[in-house]
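# Chain and residue survey
Below, each chain spelled out in residue letters.
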Amino acid sequence: MSKFVALLFFYTLLHTGISLKCYQCTGVPYNCQETVAQCYINQTTCMSQSHSLVVNGTLQEWTTKGCSQGLVCNETSYADMGANKKYVSTYCCSSDLCNTGTYYARVPVASLHCFNCSGSNESCALQNLTVIQCAGMQDRCMTITTASVKGGLRTDTTLKGCGTGNLCDRVLEYNAGNARLYTATSCCGKTKCNNGTTRVSVKDNLNGLQCYACNETGKGECKVVNTTVQCSGSMTYCMDAVGFPRGNTLMRGCCSKDVCLGLSVSLLVQASQKFYCCSGNLCNNGDVESYFRSSSCRVEISRYALGLLILSFTCLLRALL
(Lines give C-alpha, C1' and ligand atoms only; values in the text may rest on other atoms or scores of the structure.)
Protein backbone atom coordinates (compact mmCIF):
# COMPACT_ATOMS: atom_id res chain seq x y z
CA MET A 1 0.00 0.00 0.00
CA SER A 2 2.84 2.38 0.87
CA LYS A 3 4.39 1.75 -2.56
CA PHE A 4 1.11 2.65 -4.25
CA VAL A 5 0.84 5.87 -2.22
CA ALA A 6 4.44 6.74 -3.07
CA LEU A 7 3.85 6.15 -6.79
CA LEU A 8 0.65 8.19 -6.70
CA PHE A 9 2.47 11.03 -4.95
CA PHE A 10 5.30 10.85 -7.48
CA TYR A 11 2.86 10.93 -10.39
CA THR A 12 1.01 13.89 -8.91
CA LEU A 13 4.29 15.70 -8.40
CA LEU A 14 5.31 15.14 -12.00
CA HIS A 15 1.92 16.17 -13.34
CA THR A 16 1.33 19.31 -11.30
CA GLY A 17 4.53 20.30 -9.58
CA ILE A 18 7.07 20.82 -12.34
CA SER A 19 5.05 20.57 -15.56
CA LEU A 20 4.18 23.30 -18.02
CA LYS A 21 0.95 25.33 -18.08
CA CYS A 22 -0.61 26.23 -21.42
CA TYR A 23 -3.74 27.88 -22.71
CA GLN A 24 -6.20 25.49 -24.33
CA CYS A 25 -9.19 26.18 -26.56
CA THR A 26 -10.84 25.31 -29.86
CA GLY A 27 -12.68 27.98 -31.84
CA VAL A 28 -12.38 30.79 -34.36
CA PRO A 29 -8.93 32.43 -34.25
CA TYR A 30 -10.09 35.89 -33.15
CA ASN A 31 -12.33 34.65 -30.31
CA CYS A 32 -10.99 31.33 -29.01
CA GLN A 33 -12.14 31.05 -25.38
CA GLU A 34 -8.94 30.18 -23.54
CA THR A 35 -8.67 28.17 -20.31
CA VAL A 36 -5.51 27.06 -18.49
CA ALA A 37 -4.34 23.44 -18.79
CA GLN A 38 -1.72 21.65 -16.68
CA CYS A 39 0.48 19.65 -19.05
CA TYR A 40 1.79 16.14 -18.52
CA ILE A 41 5.51 15.75 -17.93
CA ASN A 42 6.15 14.60 -21.52
CA GLN A 43 4.34 17.64 -22.94
CA THR A 44 7.15 20.17 -23.06
CA THR A 45 5.67 22.85 -25.31
CA CYS A 46 2.56 24.99 -25.63
CA MET A 47 0.98 24.81 -29.07
CA SER A 48 -1.22 27.00 -31.25
CA GLN A 49 -2.43 25.23 -34.38
CA SER A 50 -4.53 27.11 -36.91
CA HIS A 51 -6.47 25.69 -39.85
CA SER A 52 -7.65 27.43 -43.02
CA LEU A 53 -9.96 25.45 -45.31
CA VAL A 54 -10.92 26.93 -48.68
CA VAL A 55 -13.90 25.18 -50.27
CA ASN A 56 -14.85 26.57 -53.70
CA GLY A 57 -13.55 29.98 -52.64
CA THR A 58 -15.32 30.00 -49.26
CA LEU A 59 -12.98 30.30 -46.29
CA GLN A 60 -13.36 28.47 -42.97
CA GLU A 61 -10.89 29.04 -40.12
CA TRP A 62 -10.39 27.61 -36.65
CA THR A 63 -7.66 27.38 -34.02
CA THR A 64 -6.69 24.71 -31.48
CA LYS A 65 -4.47 25.49 -28.49
CA GLY A 66 -3.08 23.26 -25.76
CA CYS A 67 -0.15 21.19 -24.49
CA SER A 68 2.08 19.34 -26.94
CA GLN A 69 5.05 17.00 -27.09
CA GLY A 70 6.58 19.32 -29.67
CA LEU A 71 6.71 16.74 -32.45
CA VAL A 72 5.25 19.19 -35.00
CA CYS A 73 6.33 22.79 -34.40
CA ASN A 74 6.70 26.04 -36.32
CA GLU A 75 5.75 24.69 -39.71
CA THR A 76 2.92 24.90 -42.24
CA SER A 77 1.44 21.99 -44.17
CA TYR A 78 -0.64 22.38 -47.33
CA ALA A 79 -3.04 20.07 -49.12
CA ASP A 80 -4.45 20.93 -52.56
CA MET A 81 -7.53 18.84 -53.42
CA GLY A 82 -8.63 20.82 -56.44
CA ALA A 83 -11.65 22.86 -55.38
CA ASN A 84 -10.67 22.34 -51.74
CA LYS A 85 -7.43 23.55 -50.20
CA LYS A 86 -6.30 23.19 -46.58
CA TYR A 87 -3.52 25.00 -44.75
CA VAL A 88 -2.40 24.03 -41.23
CA SER A 89 0.18 26.11 -39.34
CA THR A 90 1.60 25.09 -35.97
CA TYR A 91 3.45 27.33 -33.55
CA CYS A 92 5.17 26.12 -30.36
CA CYS A 93 6.72 27.82 -27.35
CA SER A 94 8.13 26.52 -24.09
CA SER A 95 7.22 28.87 -21.23
CA ASP A 96 4.09 28.97 -19.09
CA LEU A 97 1.02 30.36 -20.88
CA CYS A 98 3.09 31.51 -23.86
CA ASN A 99 0.52 30.41 -26.48
CA THR A 100 -1.81 33.34 -25.99
CA GLY A 101 -3.01 35.73 -28.68
CA THR A 102 -4.44 35.29 -32.16
CA TYR A 103 -2.75 32.92 -34.60
CA TYR A 104 -3.71 32.27 -38.22
CA ALA A 105 -2.61 29.66 -40.72
CA ARG A 106 0.09 30.99 -43.01
CA VAL A 107 -1.34 30.74 -46.50
CA PRO A 108 1.14 31.11 -49.38
CA VAL A 109 0.29 34.19 -51.44
CA ALA A 110 2.77 34.13 -54.32
CA SER A 111 0.05 33.28 -56.82
CA LEU A 112 -2.85 35.16 -55.17
CA HIS A 113 -4.22 38.05 -57.22
CA CYS A 114 -7.24 40.11 -56.18
CA PHE A 115 -9.47 42.76 -57.67
CA ASN A 116 -8.63 46.26 -56.43
CA CYS A 117 -11.08 49.13 -56.14
CA SER A 118 -12.02 52.05 -53.89
CA GLY A 119 -15.25 53.91 -54.54
CA SER A 120 -18.98 53.51 -54.71
CA ASN A 121 -20.70 50.14 -54.71
CA GLU A 122 -21.65 50.64 -58.34
CA SER A 123 -18.15 51.50 -59.59
CA CYS A 124 -16.60 48.56 -57.70
CA ALA A 125 -19.10 46.13 -59.23
CA LEU A 126 -17.80 46.70 -62.76
CA GLN A 127 -15.99 43.96 -64.63
CA ASN A 128 -12.89 45.90 -65.71
CA LEU A 129 -11.33 46.37 -62.28
CA THR A 130 -7.59 46.55 -61.65
CA VAL A 131 -5.93 43.33 -60.45
CA ILE A 132 -3.15 43.43 -57.83
CA GLN A 133 -0.80 40.74 -56.53
CA CYS A 134 -0.83 40.13 -52.77
CA ALA A 135 2.37 40.34 -50.78
CA GLY A 136 3.72 39.65 -47.31
CA MET A 137 1.05 38.45 -44.87
CA GLN A 138 -1.82 39.36 -47.20
CA ASP A 139 -3.40 35.97 -47.68
CA ARG A 140 -7.00 36.81 -48.59
CA CYS A 141 -8.91 38.67 -51.26
CA MET A 142 -11.21 41.07 -49.47
CA THR A 143 -14.26 43.22 -50.00
CA ILE A 144 -15.01 45.82 -47.32
CA THR A 145 -18.42 47.44 -47.64
CA THR A 146 -19.45 50.43 -45.51
CA ALA A 147 -22.65 52.38 -45.00
CA SER A 148 -22.29 55.79 -43.34
CA VAL A 149 -25.50 57.33 -42.00
CA LYS A 150 -25.37 61.00 -41.02
CA GLY A 151 -28.34 63.31 -40.66
CA GLY A 152 -30.62 60.87 -42.47
CA LEU A 153 -28.27 60.68 -45.48
CA ARG A 154 -26.75 57.29 -46.29
CA THR A 155 -23.50 56.89 -48.23
CA ASP A 156 -22.27 53.47 -49.39
CA THR A 157 -18.63 52.76 -50.23
CA THR A 158 -16.64 49.65 -51.18
CA LEU A 159 -12.98 48.77 -50.92
CA LYS A 160 -11.47 45.73 -52.65
CA GLY A 161 -7.96 44.36 -52.41
CA CYS A 162 -5.66 42.04 -50.47
CA GLY A 163 -5.84 41.62 -46.72
CA THR A 164 -5.17 39.37 -43.75
CA GLY A 165 -7.36 36.74 -42.13
CA ASN A 166 -8.03 38.67 -38.91
CA LEU A 167 -10.46 40.97 -40.73
CA CYS A 168 -12.57 38.25 -42.34
CA ASP A 169 -16.33 38.04 -41.80
CA ARG A 170 -16.42 40.79 -39.20
CA VAL A 171 -19.36 43.06 -38.45
CA LEU A 172 -18.00 46.44 -37.34
CA GLU A 173 -20.65 48.94 -36.28
CA TYR A 174 -20.57 52.05 -34.13
CA ASN A 175 -22.68 55.09 -33.27
CA ALA A 176 -20.95 58.17 -31.86
CA GLY A 177 -24.11 60.27 -31.77
CA ASN A 178 -23.49 62.45 -34.80
CA ALA A 179 -22.94 59.56 -37.22
CA ARG A 180 -23.41 55.82 -37.54
CA LEU A 181 -21.08 53.54 -39.44
CA TYR A 182 -21.81 49.97 -40.53
CA THR A 183 -18.93 47.96 -41.99
CA ALA A 184 -18.94 44.36 -43.22
CA THR A 185 -15.90 42.45 -44.46
CA SER A 186 -15.85 39.34 -46.63
CA CYS A 187 -12.87 37.22 -47.66
CA CYS A 188 -12.08 34.46 -50.11
CA GLY A 189 -8.98 32.45 -50.85
CA LYS A 190 -8.54 32.10 -54.60
CA THR A 191 -7.42 34.45 -57.38
CA LYS A 192 -9.91 37.16 -58.42
CA CYS A 193 -12.60 35.76 -56.16
CA ASN A 194 -13.60 39.16 -54.66
CA ASN A 195 -15.88 40.16 -57.50
CA GLY A 196 -19.33 41.64 -56.96
CA THR A 197 -20.49 43.76 -54.02
CA THR A 198 -22.97 43.48 -51.17
CA ARG A 199 -25.11 46.12 -49.52
CA VAL A 200 -24.63 46.52 -45.78
CA SER A 201 -27.75 46.06 -43.69
CA VAL A 202 -28.52 49.05 -41.45
CA LYS A 203 -30.36 47.98 -38.29
CA ASP A 204 -32.38 50.76 -36.68
CA ASN A 205 -34.22 48.70 -34.06
CA LEU A 206 -33.28 49.88 -30.55
CA ASN A 207 -31.81 47.17 -28.30
CA GLY A 208 -32.28 48.89 -24.93
CA LEU A 209 -28.63 49.91 -24.36
CA GLN A 210 -27.77 53.54 -23.73
CA CYS A 211 -24.21 54.92 -23.92
CA TYR A 212 -22.45 58.25 -23.60
CA ALA A 213 -21.47 59.60 -27.02
CA CYS A 214 -19.04 62.14 -28.44
CA ASN A 215 -16.65 62.65 -31.34
CA GLU A 216 -13.64 64.83 -30.52
CA THR A 217 -12.69 67.27 -33.31
CA GLY A 218 -10.38 69.48 -31.24
CA LYS A 219 -13.15 71.59 -29.72
CA GLY A 220 -13.45 69.66 -26.44
CA GLU A 221 -16.57 67.70 -27.36
CA CYS A 222 -15.51 64.70 -25.23
CA LYS A 223 -14.34 66.63 -22.15
CA VAL A 224 -17.92 66.93 -20.87
CA VAL A 225 -19.82 63.67 -20.38
CA ASN A 226 -23.47 64.57 -20.86
CA THR A 227 -24.54 63.49 -24.37
CA THR A 228 -26.13 60.06 -24.70
CA VAL A 229 -27.17 57.84 -27.58
CA GLN A 230 -29.67 54.99 -27.86
CA CYS A 231 -27.99 51.88 -29.28
CA SER A 232 -29.50 49.73 -32.01
CA GLY A 233 -29.07 46.39 -33.74
CA SER A 234 -25.77 44.60 -33.03
CA MET A 235 -24.30 47.53 -31.07
CA THR A 236 -24.46 45.85 -27.66
CA TYR A 237 -21.39 47.46 -26.05
CA CYS A 238 -20.43 50.97 -24.96
CA MET A 239 -17.03 52.17 -26.11
CA ASP A 240 -14.42 54.74 -25.13
CA ALA A 241 -11.50 55.39 -27.51
CA VAL A 242 -8.64 56.97 -25.54
CA GLY A 243 -5.55 58.62 -26.97
CA PHE A 244 -2.19 57.27 -25.82
CA PRO A 245 -0.21 58.40 -23.86
CA ARG A 246 -2.24 61.52 -22.98
CA GLY A 247 -5.33 59.56 -21.96
CA ASN A 248 -7.84 61.95 -23.52
CA THR A 249 -11.06 60.55 -24.94
CA LEU A 250 -11.38 60.81 -28.72
CA MET A 251 -14.68 59.03 -29.23
CA ARG A 252 -17.53 57.49 -27.20
CA GLY A 253 -20.65 55.67 -28.25
CA CYS A 254 -22.13 52.24 -29.03
CA CYS A 255 -20.33 49.49 -30.90
CA SER A 256 -20.70 45.88 -32.00
CA LYS A 257 -18.90 42.95 -30.37
CA ASP A 258 -16.42 42.48 -33.20
CA VAL A 259 -15.03 45.96 -32.55
CA CYS A 260 -14.21 44.83 -28.99
CA LEU A 261 -12.44 41.68 -30.18
CA GLY A 262 -9.43 43.55 -31.40
CA LEU A 263 -10.34 45.48 -34.52
CA SER A 264 -10.43 49.18 -35.15
CA VAL A 265 -13.74 50.89 -34.56
CA SER A 266 -14.83 50.63 -38.15
CA LEU A 267 -11.13 50.94 -39.03
CA LEU A 268 -10.87 54.56 -37.83
CA VAL A 269 -8.87 54.18 -34.62
CA GLN A 270 -5.10 54.39 -34.98
CA ALA A 271 -2.48 52.11 -33.43
CA SER A 272 -1.52 54.79 -30.88
CA GLN A 273 -4.97 54.64 -29.27
CA LYS A 274 -6.51 52.32 -26.71
CA PHE A 275 -10.04 51.13 -26.97
CA TYR A 276 -12.25 50.17 -24.01
CA CYS A 277 -15.52 48.25 -24.20
CA CYS A 278 -18.02 47.76 -21.40
CA SER A 279 -21.52 46.31 -21.11
CA GLY A 280 -24.14 48.20 -19.14
CA ASN A 281 -26.09 51.41 -19.54
CA LEU A 282 -23.85 54.52 -19.52
CA CYS A 283 -20.81 52.50 -18.38
CA ASN A 284 -18.47 54.51 -20.69
CA ASN A 285 -18.53 57.50 -18.34
CA GLY A 286 -14.99 58.71 -19.02
CA ASP A 287 -13.56 57.32 -15.77
CA VAL A 288 -11.25 54.66 -17.21
CA GLU A 289 -10.45 53.19 -13.79
CA SER A 290 -14.14 52.58 -13.15
CA TYR A 291 -14.27 50.26 -16.16
CA PHE A 292 -12.14 47.86 -14.14
CA ARG A 293 -13.83 48.38 -10.76
CA SER A 294 -17.43 47.99 -11.89
CA SER A 295 -18.85 44.46 -11.82
CA SER A 296 -21.43 45.46 -14.43
CA CYS A 297 -18.82 46.34 -17.03
CA ARG A 298 -16.65 43.91 -18.96
CA VAL A 299 -13.56 45.53 -20.39
CA GLU A 300 -11.52 44.40 -23.34
CA ILE A 301 -8.46 46.42 -24.38
CA SER A 302 -7.04 46.30 -27.86
CA ARG A 303 -4.33 47.99 -29.89
CA TYR A 304 -4.66 48.05 -33.59
CA ALA A 305 -1.95 47.39 -36.12
CA LEU A 306 -3.50 48.39 -39.43
CA GLY A 307 -1.87 47.58 -42.74
CA LEU A 308 -1.64 49.65 -45.89
CA LEU A 309 -5.03 48.44 -47.04
CA ILE A 310 -6.69 49.64 -43.85
CA LEU A 311 -4.85 52.95 -43.87
CA SER A 312 -6.19 53.75 -47.31
CA PHE A 313 -9.66 52.81 -46.12
CA THR A 314 -9.26 55.12 -43.13
CA CYS A 315 -8.62 58.09 -45.40
CA LEU A 316 -11.72 57.26 -47.39
CA LEU A 317 -13.95 57.09 -44.31
CA ARG A 318 -12.54 60.26 -42.76
CA ALA A 319 -13.45 62.07 -45.96
CA LEU A 320 -17.02 60.81 -45.63
CA LEU A 321 -17.37 61.83 -41.99
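Residues numbered from 1 in each chain as written. Predicted model: local features only at pLDDT ≥ 70, side-chain atom pairs only at ≥ 80, totals over all residues. Heavy atoms only, no water.

### Concerning the pattern of salt bridges
Side chains that differ in charge, positive against negative, can pair when their charged atoms come close. On inspection of all chains with the given rule, the structure shows six salt bridges. For D156, the salt bridge is made with R154, and the minimal N-O distance between the two is 2.8 Å. A salt bridge links D156 to R199; the nearest nitrogen and oxygen atoms lie 3.5 Å apart. Placement of D156 in strand β10 (residues 153–163) and of R199 in the loop between β12 (180–188) and β13 (206–212) is noted, with a sequence separation of 43 residues between them. Residue D156 is classed as buried on the basis of its relative accessible area, which comes to 16%. For R199, a relative accessible area of 59% gives the class exposed. (Salt bridge = Lys/Arg side-chain N within 4 Å of Asp/Glu carboxyl O. Helix = DSSP H or I, 4+ residues; strand = E, 2+ residues; numbered from the N terminus. Buried < 20%, exposed > 50% of the residue type's maximum accessible area, 1.4 Å probe, protein only.)

### Some words on the environment of S48
Here S48 is to be found in strand β3 (residues 45–55). Using a relative accessible area of 2% as the deciding quantity, one classes S48 as buried. In the structure, S48 is positioned 16 residues away from T64 in sequence and 5.9 Å away in space, judged by C-alpha atoms. Among residues more than four places away in sequence, those in contact with S48 are T64, K65, S89, T90, Y91, N99 and Y103. (Contact = heavy atoms within 4.5 Å.)

### Observations concerning the nonpolar core
One finds Y182, C211, C231, C238 and C254 to be the most contacted residues of the largest nonpolar core, which totals 14 residues. Elements with a minimum of two residues in this core: β9 (140–150), β13 and β15 (228–232). Once residues within four sequence positions are removed from consideration, C254 is found in contact with E173, Y174, N175, C211, V229, Q230, C231, M235, Y237 and M239. (Core = buried A, V, L, I, M, F, W, Y, C linked by side-chain atoms within 4.5 Å.)

### Quick notes on the environment of M142
Topologically, M142 is positioned in strand β9. Residue M142 is classed as buried on the basis of its relative accessible area, which comes to 1%.

### Some thoughts on the side chain of S19
Mapped onto the secondary structure, S19 falls in the loop between α1 (2–17) and β1 (21–27). A relative accessible area of 12% means that S19 is categorised as buried. Within polar-contact distance, the side chain of S19 engages the side chain of Q38 at 2.8 Å. A distance of 2.9 Å separates the side chain of S19 from the backbone oxygen of C39, its partner in a polar contact. (Polar contact = N/O pair within 3.5 Å; in protein donor to acceptor, adjacent residues only side chain to side chain.)

### Looking at the side chain of N284
By the element assignment, N284 lies in the loop between β18 (273–278) and α3 (288–293). A distance of 2.9 Å separates the side chain of N284 from the backbone oxygen of Y212, its partner in a polar contact. Within the structure, N284 has its side chain in polar contact with the backbone oxygen of M239 (distance 2.9 Å).

### Description of the environment of T191
Mapped onto the secondary structure, T191 falls in the loop between β12 and β13. For the pair T191 and F115, spaced 76 residues apart in the sequence, the C-alpha separation amounts to 8.6 Å. If we ignore the near neighbours within four places in the chain, the residues touching T191 are S111, L112 and H113. At a separation of 3.4 Å, a polar atom in the side chain of T191 contacts the main-chain amide nitrogen of H113.

### Focus on the state of the cysteines
Under the definition given, this model contains 13 disulfides. The side chain of C134 participates in a disulfide bridge whose partner is C162; the two sulfur atoms lie 2.1 Å from each other. Between C134 and C162 the sulfur-sulfur dihedral comes to about -85°; the bridge is accordingly left-handed. Within this pair, whereas C134 is found in the loop between β8 (130–133) and β9, its partner C162 is found in strand β10, the two being separated by 28 residues in sequence. The pair C134 / C162 is uniform in exposure class, with both members buried. Note on cysteine connectivity: C188 is disulfide-linked to C193, with sulfurs 2.0 Å apart. (Disulfide = S-S within 2.5 Å.)

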